Amino acid sequence: MSGVATGDLNAALARTLVDEWWRAGVCLAAVSPGSRSAPLALALAQDGRVPVHVILDERSASFFALGAAKASGRPAVVVCTSGTAAAELHPAVLEAHHARVPLLVCTADRPPELRDTGAGQTIDQLKLYGDAVRWFAEVGAPGEADLGSPYWRATAARAVAAATGTGRPAGPVHLNLAFREPLLPSGAPVDLYPGRADDQPWVRSTAAPRVPSDADIERLTYLVAAETRGAIVVGWGADVDPAAVDRLATAAAWPVLADPLSGARSGANAVSTYDALLRSPSAAAALRPDVVLRLGAPLTGKVASTWLDPSIPQVLVDPHAAWLDPQRAAAERIVADATALLGAVAARSRPRTQSFWLTSWRHADAAARRAMDRLLDSWPEPFEGRVARDLVAGLPSGSTLVVGSSMPVRDVESFAPPRDGLRFLSNRGVNGIDGFVSTVLGAATVPGGGPIVGLCGDLTFLHDSNGLLGAARRGLDATFVVIDNRGGGIFNFLPQSALAGDQFETLFATPQDVDLAELAAVHRVPAEQVGKADDLVPAVERALTAGGVRLVVVTTDRADNVARHRQVWEAVAMPGGGGG
Ligand SMILES: Cc1ncc(C[n+]2csc(CCOP(=O)(O)OP(=O)(O)O)c2C)c(N)n1
Ligand SMILES: [Mg+2]
């Protein structure tokens, strides 16, 4: 017979984990209701040091935690009960895996003797997420011996270390936590195994920065000196200081083609119209580089990433050892911190003062921007490309723009002008349209994070409308700009848009007959409808000033949207349009 009641052992394990998480700087815990997870839910609530958000739908809860972890750069905890609840976390686990986000997933479970026996709400949760997690631990039902050992503290600390990327890239970690009944504590005092002094975690795990080697710096410096016609291409996840990119680009006199999601579309060398420009065969040929320095993921749009075909030698800087190279174009790969590498190469490079190459790029970009802006400004009704352009240009400095997949992420890449002071977040690990509302709300929990705006399509918004449950009561400020084109507008750009009959609408566009403002109203989220292009930025400003969770709906038409995109590409390809 054990001297400590089972419920008190459950509580001791849960309290120890929570204490270690707080010590390790966990930003929040998203907890979904359930019985088996009660010890953890209670410990989090009673401890009070890690902010807790209770969210009914586990899929929303996990994306909420993902958004918080992405925005804060700190690990976030997700807690759920056993059974299908654990499976609801899988999409966010996959996004965290591919986007390298520290997510501590804690699934409550029945103890081993109740598994595979038909006991209720029990599935095989061991290694449920497969290779998508950096570490899986079956912690085991708590026993009295554990109270006298640092096992739980060390497990919690190792989970944080594995999630934050000391050793491998950051990513999700799965702790499976078996609790025996009675689940709740008796109230008798139990001494926890003491933690380290000075509120330190049990293990403070650090990773040496991937300092670039002298040999890599030398080789890249030589390349920059030898190649006049180079380009720096920056995608999401580059994890690079934009100032370092700009410094090297200036020294090399190479253009910077940066997806806004990379945070590096700024500075005098940034080319922001490459998607439209490179659709013109003559511009694509004239502006073809001899060498490319690539940072982070590939660019979002197909046009520029296929233009960078594998016959152009690419040097890929890959600080997280992520191998982001679907084109198989990298001829060289440098596993090193990009900011340090670019900074060192810039410092050693003799600046190129005259560059016909960079001047050609600048002229083409400026002409394309003029042609694009002229057309966009001539349309009084909202055009999706203009929404992206105006939102990026118009948000106050210090804001975060969370960009949804589908057309918003493409339009932001195609139309956003260069600027500083705006942070971009996006679930581009696996490009899902799921979990968007919750990702934005999770990002909005980060203290001092500035205004948060989420830009997405109607289906993306609807996919996670459960994320709106309780959103108005969390004390968060977030504005959603939803482009309502009644369905998946991206599919109107694809060959299936020509399918006969109603096949295209039924199988691909899938318009949903939902009034988004009414849906928001159900959740006590106020909405404003924008009818004119000029009204968008003032409406967003009003929403940000008013605070709380708000919706701005912009109605567009899918077929018209395709036609206008084509008009922009044609205008840019005309003589004088940059691509002509
Ligand atoms: C979870 C998930 N399911 C399906 C898809 C496939 N998909 C990509 S875009 C899209 C339509 C998105 O429509 P909407 O949010 O309205 O954006 P729009 O295309 O109109 O810009 C779908 C279903 C996906 N990316 N992720
Ligand atoms: Mg849509």
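Residues numbered from 1 in each chain as written. Chains lettered and ligands numbered in written order. Predicted model: local features only at pLDDT ≥ 70, side-chain atom pairs only at ≥ 80, totals over all residues. Heavy atoms only, no water.

**Q** Account for the environment of His90, with residues named and values stated.
**A** Inspection of the secondary structure puts His90 in helix H5 (residues 90–99). You can call His90 partly exposed: its relative accessible area is 25%. For the pair formed by His90 and Ala132, sequence separation is 42 residues and the distance between their alpha carbons is 9.2 Å. Contacts of His90, omitting those with residues within four sequence positions, involve Leu128 and Tyr129. (Helix = DSSP H or I, 4+ residues; strand = E, 2+ residues; numbered from the N terminus. Buried < 20%, exposed > 50% of the residue type's maximum accessible area, 1.4 Å probe, protein only. Contact = heavy atoms within 4.5 Å.)

**Q** Run through the nonpolar core, naming residues and quoting values.
**A** Membership of the largest hydrophobic core comes to 82 residues, with the highest contact counts inside it found for Leu401, Phe461, Phe480 and Val481. Looking at which element gives the most residues to this core, the answer is helix H3 (residues 58–72), with eight residues. If we ignore the near neighbours within four places in the chain, the residues touching Val481 are Val387, Leu391, Val453, Gly454, Leu455, Cys456, Leu536, Val540, Val552 and Val554. With 58 residues, the next largest nonpolar core counts Ala249, Tyr274, Ile334 and Phe383 among its residues. (Core = buried A, V, L, I, M, F, W, Y, C linked by side-chain atoms within 4.5 Å.)

**Q** How would you explain the pairing of strand E3 (residues 76–80) if you had to name every residue and give the values?
**A** For E3, a buried count of five out of five residues is recorded, marking the element as mostly surrounded by other parts of the structure. In E3, alternate side chains face the same way, and those of Ala76, Val78 and Cys80 on one face and Val77 and Val79 on the other are all buried. As paired strands, E3 and strand E4 (residues 103–109) are joined by five bridges and run parallel to one another. Bridge pairing in E4 places Cys80 opposite Thr107. (Pairing = 2+ DSSP bridges.)

**Q** Can you lay out helix H6 (residues 151–164) for me, pointing to particular residues and giving the numbers?
**A** Compared with an ideal rise of 1.5 Å per residue, which puts 14 residues at 20 Å, H6 spans 20 Å between its outermost C-alpha atoms and is within 8% of the ideal. By the criterion of burial, H6 is predominantly enclosed, with 10 of the 14 residues buried. Taken together, the buried positions of H6 are occupied by Trp152, Arg153, Thr155, Ala156, Ala157, Ala159, Val160, Ala161, Ala162 and Ala163. Looking at the buried positions of H6, the neighbouring elements they touch are helix H1 (6–23), E4, strand E5 (135–138) and strand E6 (172–178). (Expected span 1.5 Å × (residues − 1).)

**Q** Residues and numbers for the coordination of the magnesium ion (ligand 2), please.
**A** Around the magnesium ion (ligand 2), the protein contributes the donor atoms Asp458 (OD), Asn485 (OD1) and Gly487 (O), which lie 2.0 Å from the metal centre. Donor residues binding the magnesium ion (ligand 2) come from one chain and are separated in sequence as D-x26-N-x1-G. Note that Asp458 is positioned in helix H17 (residues 458–463) and Asn485 in the loop between strand E15 (478–484) and helix H18 (503–509), a separation of 27 residues in sequence. The exposure classification of Asp458 matches that of Asn485, with both residues buried. (Donors = N, O, S within 2.8 Å, 3.2 Å for Na, K, Ca; no water.)

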